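Now for the letters of each chain:
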Amino acid sequence: KREEKEERERSFERLRSILLAHVGGASSDGPSSPGRGRLHTARLLRSREAMGHWSPSKRTRISSRVLPQGDPEVVDLGNSRAYIGHFAENGNVFVAGFQNQTIRLYDVSQTHKPWRLRKEIVARALNWTITDTCLSPNQQLLIYATISPVLHAVNINATEGLRSEQNITDLHMPLDFGEGFSEGAFGLWAINFSKDGRFILAGSSDYATYLYDIEQQKVISRAHAHKDDVNSVCFVDDSDQVYLSGSDDCMIKVWDRRVGEDGPRRAQGKLPGHTEGITYLSPKGDGRYFISNGKDQKCKVWDIRAACNSTNSQVTKETIPKFFWDYRWQPYPGNPEKVKHPHDRSIFTFTGHRVLQTLIRCRWSPLETTGQRYVFSGSQCGSLFVYDILTGKRTAVLRFHRSVMRDCDWHPHQPLLASVGWDGSVVRWRKLADEEEGDGASGGEHSASLSPPPMEL
């Protein structure tokens, strides 16, 4: 255990070194700290005037210190709970999915102007809510999941009309995943497009992972992956060969598509560490690091190389702390700081946000503007929590929503965050502080509220 702990510490230091290389002069001081390692903005501006344009690394040095703060701008306000909120890969579209069967696509190509509603899709075969959406890399197809074995694909550019309804204005092409591993019906919780746009990776309520070929319109690989619902799946990098699955059985598993003629039937590795179910996985994109949210109220940072053999039973020999509770309507009965997995293979853990009532999502900040130094998460309390990997501390709490914030995202090229809440609102956070005010007003817990929210429900 001592050797494993030391290896995890070394892995975290390697990650910090990678991030420091991206953000240049930033040190372990927070974005608001005028520490010795901080390269002053004015000096960089003088350098640019003398030598011409900035390199990408210098641009990241500046933007990684500046976080949106203050009150957000309300983009949309409805009367239905919002479950989904994410940007397209190029940042030109923001997708919001609601419990009332609608998916709204906003044109955000002009970041500093009000967002324009581009398309409103009325989903088919809704079971409780829209659980996930994903856009194809070429932004032609939007796929949505509704806790059904059938996904639906909509060509968002097929018509110019604002509203998209099956058999009225558009064709919502069904993608049938067929029979599952369970005797009864099953539903798909999570979906993810491959980088080349050919495949859809899915996690389901029948404890399985599926790989669907869009061109052939059939499932080409499936595996009975876990002992409980698979709440999240993701590819670890652009090669689309290795992917992850996270489940309510508390386990994260690593899969390699190159194993087996019909895809992997057994995981190539597993990563214990959470003591309650996993709600979301978000890769850094380099094939090595990723983060996870869990119902044990933790956001964990992982190195995929720390995975243990999938046949290793050592992780089950010691008792794993377990509570009998339901996260949908009960508070977490343990203390996140004290409840620990005896064989935790994560390399760092953040706490403070609340993973309750629904599958709260976490994500990695973008490379271009932040050097990926931050991870951020929604929360049951309605706030957006931002954590700094370089300092290991919470750096911002953005508050607005009056109810659960299930999803949020960071624009890939602009200092802009967006969030959706169960209060029906879609908001964007883009107000920046004037750095000249105290040489650092843009950092720290610079938000509408600086203190952490109370833990009582």
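Predicted model only: the values in this text are computed from it and were never measured.

A word on the overall build of the protein chain
Next up, step 1: The number of helices and strands found in the protein chain is four helices and 29 strands.
Next up, step 2: A buried classification covers 56% of the 457 residues belonging to the protein chain.
Next up, step 3: In the protein chain, 57% of the contacts between residues at least 6 apart in sequence involve partners at least 24 apart.
Next up, step 4: Summed over all atoms, the accessible surface of the protein chain reaches about 19500 Å², with 48% contributed by carbon and sulfur.

Some thoughts on the side chain of arginine 363
Next up, step 1: Structurally, arginine 363 is set in strand E23 (residues 362–364).
Next up, step 2: Taking the relative accessible area as the measure of exposure, arginine 363 reaches 11% and is therefore buried.
Next up, step 3: A polar side-chain atom of arginine 363 sits 3.2 Å from a polar atom in the side chain of tyrosine 280.
Next up, step 4: For arginine 363, the contacting residues outside a window of four places in its chain are Gly85, His86, Tyr280, Ser282, Ile291, Val375, Phe376, Asp407, Cys408 and Asp409.

Description of the confidence of the model for the protein chain
A low pLDDT means the predicted coordinates there should not be read in detail.
Next up, step 1: Per-residue confidence for the protein chain averages 86 on the pLDDT scale, and 83% of its residues sit at or above 70.
Next up, step 2: Scored below 50 in pLDDT, residues 32–39 makes 23 contacts in the model with residues more than four places away or belonging to other chains.
Next up, step 3: Considering only residues more than four positions removed or in separate chains, one finds that residues 435–457, a stretch of pLDDT under 50, has 61 contacts.

Notes on the environment of tyrosine 374
Next up, step 1: Mapped onto the elements of the fold, tyrosine 374 is located in strand E24 (residues 374–377).
Next up, step 2: Looking at tyrosine 374, the relative accessible area reads 0%, which means it is buried.
Next up, step 3: Taking the C-alpha atoms as reference, tyrosine 374 lies 8.9 Å from arginine 363; in sequence the two are eleven residues apart.

Let's talk about the packing of aromatic side chains
Next up, step 1: Tallied over the full model, the rule gives 20 aromatic pairs.
Next up, step 2: The interplanar angle of 40° and the centroid separation of 5.4 Å between the aromatic rings of tyrosine 83 and tryptophan 422 together place this pair among those described as tilted. With tyrosine 83 in strand E2 (residues 82–87) and tryptophan 422 in the loop between strand E28 (417–420) and strand E29 (425–429), this residue pair connects regions lying 339 residues apart in the sequence. The exposure classification of tyrosine 83 matches that of tryptophan 422, with both residues buried.
Next up, step 3: With a centroid separation of 6.2 Å and 75° between ring planes, the pair formed by phenylalanine 235 and tyrosine 243 is classed as edge-to-face. Summarising the burial analysis for this pair, phenylalanine 235 and tyrosine 243 share the class buried.
Next up, step 4: In this structure an aromatic cluster arises from ring pairing among Phe12, Phe348, Phe350, Phe385 and Tyr387.
Next up, step 5: The ring of tryptophan 422 carries arginine 81 above its face, with NZ or CZ at 3.8 Å from the centroid.

A few points about helix H1 (residues 2–23)
Next up, step 1: In this model H1 runs 32 Å from its N-terminal to its C-terminal C-alpha over 22 residues, within 8% of the 32 Å that 1.5 Å per residue would give.
Next up, step 2: Where H1 is concerned, the buried positions are Ser11, Phe12, Leu15, Arg16, Leu19 and Val23. Buried residues of H1, viewed axially, fall in a sector of 140°; they line one side. Facing away from the buried side of H1 by over 90 degrees, the exposed positions are Arg2, Glu3 and Ala21.

The rules behind each value
- All residue numbers refer to positions counted from 1 along the written sequence of the respective chain.
- Reporting of local features is limited, given that this is a predicted model, to residues whose pLDDT is at least 70; pairs of side-chain atoms are given and counted only at 80 or more, and all residues count toward the totals for whole chains, interfaces and linings.
- Hydrogen atoms and water are omitted, and side-chain values are computed over all heavy atoms in the structure.
- For the purposes of this entry, the term helix denotes a DSSP run of H or I that reaches at least four residues, the term strand denotes a run of E that reaches at least two, and both are numbered from the N terminus.
- Three exposure classes are used, based on accessible area relative to the maximum for each residue type with a 1.4 Å probe and protein chains only: buried under 20%, partly exposed in between, and exposed over 50%.
- Note on contacts: a residue pair is in contact if any heavy atoms of the two residues lie within 4.5 Å.
- In these tables, accessible area is a Shrake-Rupley quantity obtained with a 1.4 Å probe, and a residue counts as shielded only by the protein chains included in the view.
- Between N or O atoms, a polar contact is any pair within 3.5 Å; within protein, one atom must be a potential hydrogen donor and the other a potential acceptor, and residues adjacent in sequence are included only when both atoms are from side chains.
- Per-residue confidence from the predictor is given as pLDDT, running between 0 and 100.
- Whether two aromatic rings pair depends on their centres lying within 6.5 Å, for rings of Phe, Tyr and Trp, where Trp uses its six-membered ring; planes under 30 degrees apart make the pair stacked, over 60 edge-to-face, and the rest tilted.
- A ring has a charge above it when a Lys NZ or an Arg CZ is no more than 6 Å from the ring centre and no more than 35 degrees off the ring normal.
- By this rule the span expected of a helix is its residue count minus one, scaled by 1.5 Å.
- By construction, the arc corresponds to the directions joining the helix axis to the C-beta atoms.

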